[in-house]
Amino acid sequence: MADIDPESLDDIIHGRMRLGIMAYLSAVDSTTFVVLRKHLNATGGNLSVALTKLSAAGYVDISRTIKARKTETTIRITDQGRVAWSSYLDQMKRLLGL
Amino acid sequence: MRPGSPTSRTQAQEDLAFLRTIAEQAQATPPTGGPLLLWWGCLLACSYLAHGAILMGWLPIKPWHLGFLWLAAMIVGWLGHTLIWRHLQPGTETTAALVLHQAWLFGGIVITLIGVSANLRAMTGAMDPIVFPMFGVMCLALYSIVFMLFGAAGRFAHYRSFGVAGAGVAIALVWLIGSPLFYLAVPFGFVIAVILPALHMIRSAR
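From a predicted model like this one, the values you see are computed outputs, not experimental measurements.

## What to know about empty space enclosed by the protein
All names here are of chain B. The tally for this structure, following the rule as stated, stands at one cavity of 30 Å³ or more. One number sums up the size of the largest cavity: a volume of about 50 Å³. Mapped by element, the contributors of at least two residues to the lining of the largest cavity are α3 (66–87), α4 (95–123) and α5 (131–154). Residue composition of the lining of the largest cavity, grouped by class: six nonpolar, two polar and no charged.

Written as structure tokens, this is what we have:
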């Protein structure tokens, strides 16, 4: 069984939580922090750290609005994030010989 | 498969399977607009019942007041819509749900404007009596088209079934136009084509 060189993969995306976030966001137009936390079975802290890293790289856009006196955090993948995600999947498939 | 640690093909395959599951779950997320759909379905069903009751003389209101009934229904409808929308639990917006919400909103605005226009004509006495019944048929047809679009875009077979049911009800109702039964049948149509899908949507969004 051949080993895969992780250095060839995008380090910002590569990581279980960030992978999950990117996979989820790539399939939808937008989501909320609460929904994402529930779907990924993550703690608020872990999700927040992962989102901050993806946001700093410009892969996701996080916006906060106030609706019915509650803060609503909306997250969506950016165009740059979609390109990075597509490239990451291509690399994965290439490494797996798919 | 972690950076700096030995990784295997099996692990990469597991990661890909994980990603696929997450993406599929995301795409299958139900829309959040169920309460809005329920609100409009109930309001229109009740308005048609009231319309029928007035025509049959069950309510002590003169038929020429029907225009006011519908204007009031539209105003109450949009006020309720705004109130519910403000308190609607935010969720995931899939592309299919985006299509659904936009079609509802745009369709709702167009239907309202047609309703207002029809009312103005009714108040000037220049209205063909077929317009009010056709308004209900058009609403049901709109709902069925939107459900068909949503079912196709999101690959939700049950929403396509709701769409087919709605279209069937709308077509069947045309045959009742002119009969007093029409106004009793329209609310039944709204239950099948709007209220039941709305309840399904609310339940699946929980």
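## Digging into the pattern of salt bridges
All names here are of chain A. As enumerated under the stated definition, the model contains one salt bridge over all chains in all. With a closest N to O distance of 3.4 Å, Asp29 and Arg76 form a salt bridge. On the criterion of sequence distance, the pair formed by Asp29 in the loop between α1 (16–26) and β1 (31–32) and Arg76 in strand β3 (residues 70–77) is long-range, its members being 47 residues apart. The partly exposed category is assigned to Arg76, whose relative accessible area is 31%.

## With respect to unusual backbone geometry
All names here are of chain A. Residues other than glycine seldom take positive phi values, yet Asn41 does so here, at roughly 55 degrees. Structurally, Asn41 can be placed in the loop between α2 (33–39) and α3 (44–56). Its relative accessible area of 72% is what places Asn41 among the exposed residues.

Rules behind the numbers
Residues numbered from 1 in each chain as written. Chains lettered and ligands numbered in written order. Predicted model: local features only at pLDDT ≥ 70, side-chain atom pairs only at ≥ 80, totals over all residues. Heavy atoms only, no water. 1 Å grid on protein atoms, 1.4 Å probe; cavity = no way out; pocket = protein on both sides within 12 Å on 5 of 7 lines; lining within 4 Å. Points joined across faces, edges and corners; volume = space filled by probe spheres on them. Helix = DSSP H or I, 4+ residues; strand = E, 2+ residues; numbered from the N terminus. Nonpolar A, V, L, I, M, F, W, Y, C, P; charged D, E, K, R; others polar. Salt bridge = Lys/Arg side-chain N within 4 Å of Asp/Glu carboxyl O. Buried < 20%, exposed > 50% of the residue type's maximum accessible area, 1.4 Å probe, protein only.

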